Amino acid sequence: MRFDLHGRAMMATSALTIALTLLFAAFNTAPAGAATPPTGGTEARGTTPLTAHQGRVRTSVGVFSRRTSVRAGRSARVSGRVRPGLPGRLVVLQRVRGHRWVTIARTRTALGGRYVLRHRTRASVSAPLRVRVAGAAGASRRTRRIGRLEAFRPALASWYGEGQALACGGHLTPGMMGVAHKSLPCGTRVTIRYRGRRVRVPVVDRGPYAGGREFDLGPGVRAALRFDGVGTVQVAH
């Protein structure tokens, strides 16, 4: 009888041990798919984590001096400073060719962010111009338009009066700002300099066909330049 009671006690102890073990395992095992409580971080509060471009310093492009209106064959020059003034940043000078921007000069910033860009022209040109700074660690990229690159060449010109029909359409009026040229497409804009004065006008007609002259100036162009007779002008196109 004593042995039977002792055996029953041992069996009860084993059953209690197994039950406690199962209960402990249930408390230490998270159910599948259960939500994890918020930890107090920024994502738990619903804020968006920082992206790669956030926190960058805004770049500025300063231009100290520019020489962008030159005789064909001479060099154009642009100098300035990039902020923040990190050394080694890539700076390029670009002009429009056709319908896209092309790089015509490049350099790296010196100490303090200073830069100097030079481009030697080879022929007559008139095109929009810009300075572009590449992005760097902690700083954004930046582009700044700086007018036009104009390389001038000499051309013999004359002028003609109003009243006649134009090859590009319409009639020549007393104040019309346009020029005639034998081959430049209608609408091509040409910058003309004469004795310190300057105009930028379209091609509106064909000619001239006499005396080796390259351009005929319309009445408005003649008046703006104070041009008379036949003479040499500087053109960029």
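Overview of the state of the cysteines
Reasoning step 1: Tallied over the entire structure, the rule returns one disulfide.
Reasoning step 2: Between the sulfur atoms of C168 and its disulfide partner C186 the distance amounts to 1.9 Å. Because the torsion about its S-S bond is -75 degrees, the bridge between C168 and C186 counts as left-handed. Of the two residues, C168 sits in the loop between β8 (142–159) and β9 (179–181) while C186 sits in the loop between β9 and β10 (189–194), which places them 18 residues apart along the sequence.
Reasoning step 3: The exposure class assigned to C168 is partly exposed, which follows from its relative accessible area of 30%.

Considerations on the confidence of the model for the chain
Predicted coordinates in regions of low pLDDT should not be interpreted in detail.
Reasoning step 1: Overall, the predicted model of the chain reaches an average pLDDT of 84, with 77% of residues at or above 70.
Reasoning step 2: A low-confidence stretch, residues 29–54 (pLDDT under 50), is modelled with six contacts involving residues beyond four sequence positions or located in other chains.

Quick notes on the pattern of salt bridges
Reasoning step 1: Using the criterion set out here, one finds four salt bridges in the structure.
Reasoning step 2: Across the pair E214 and R153 runs a salt bridge, and its minimum N-O distance is 2.5 Å. Here E214, found in the loop between β11 (197–205) and β12 (215–217), pairs with R153, found in strand β8; they are 61 residues apart in sequence, far enough to count as distant.
Reasoning step 3: You can call R153 partly exposed: its relative accessible area is 22%.
Reasoning step 4: Among the salt bridges present, the one from D228 reaches R222, with a minimum N-O distance of 3.3 Å.

Topic: the packing of aromatic side chains
Reasoning step 1: Tallied over the entire structure, the rule returns one aromatic pair.
Reasoning step 2: Aromatic side chains Y194 and F227 sit 5.1 Å apart centroid to centroid with 70 degrees between the ring planes, which places their arrangement in the edge-to-face category. Of this pair, Y194 sits in strand β10 while F227 sits in the loop between α2 (219–225) and β13 (231–236); the two residues are 33 residues apart in sequence, bridging distant segments of the chain.
Reasoning step 3: Residue class for Y194 comes out buried when judged on its relative accessible area of 11%.
Reasoning step 4: Above the plane of the ring of W101 lies R130, whose end atom (NZ or CZ) is 4.3 Å from the centre.

Definitions and limits used
Counting of residues starts from 1 at the beginning of each chain's written sequence and follows it residue by residue. Reporting of local features is limited, given that this is a predicted model, to residues whose pLDDT is at least 70; pairs of side-chain atoms are given and counted only at 80 or more, and all residues count toward the totals for whole chains, interfaces and linings. Each side-chain value is derived from all of the structure's non-hydrogen atoms; neither hydrogens nor water enter the calculation. Whenever a pair of cysteine sulfur atoms sits within 2.5 Å, that pair is classed as a disulfide. Per the convention used, a helix needs a DSSP run of H or I reaching at least four residues, while a strand needs a run of E reaching at least two, with both numbered from the N terminus. Relative accessible area decides the class of each residue, using a 1.4 Å probe on protein chains only: under 20% of the type maximum gives buried, over 50% gives exposed, and in between gives partly exposed. pLDDT is a residue-level measure of predictor confidence that goes from 0 to 100. Any pair of residues with heavy atoms lying within 4.5 Å of one another is described as a contacting pair. Note on definitions: salt bridges are taken to be side-chain nitrogens of Lys or Arg within 4 Å of carboxyl oxygens of Asp or Glu. Pairing of aromatic rings covers Phe, Tyr and Trp, the last through its six-membered ring, and needs centres within 6.5 Å; plane angles under 30 degrees mean stacked, over 60 mean edge-to-face, and all others mean tilted. Counted as over-ring charges are cases with an Arg CZ or a Lys NZ within 6 Å of the ring centre that also lie within 35 degrees of the ring normal.

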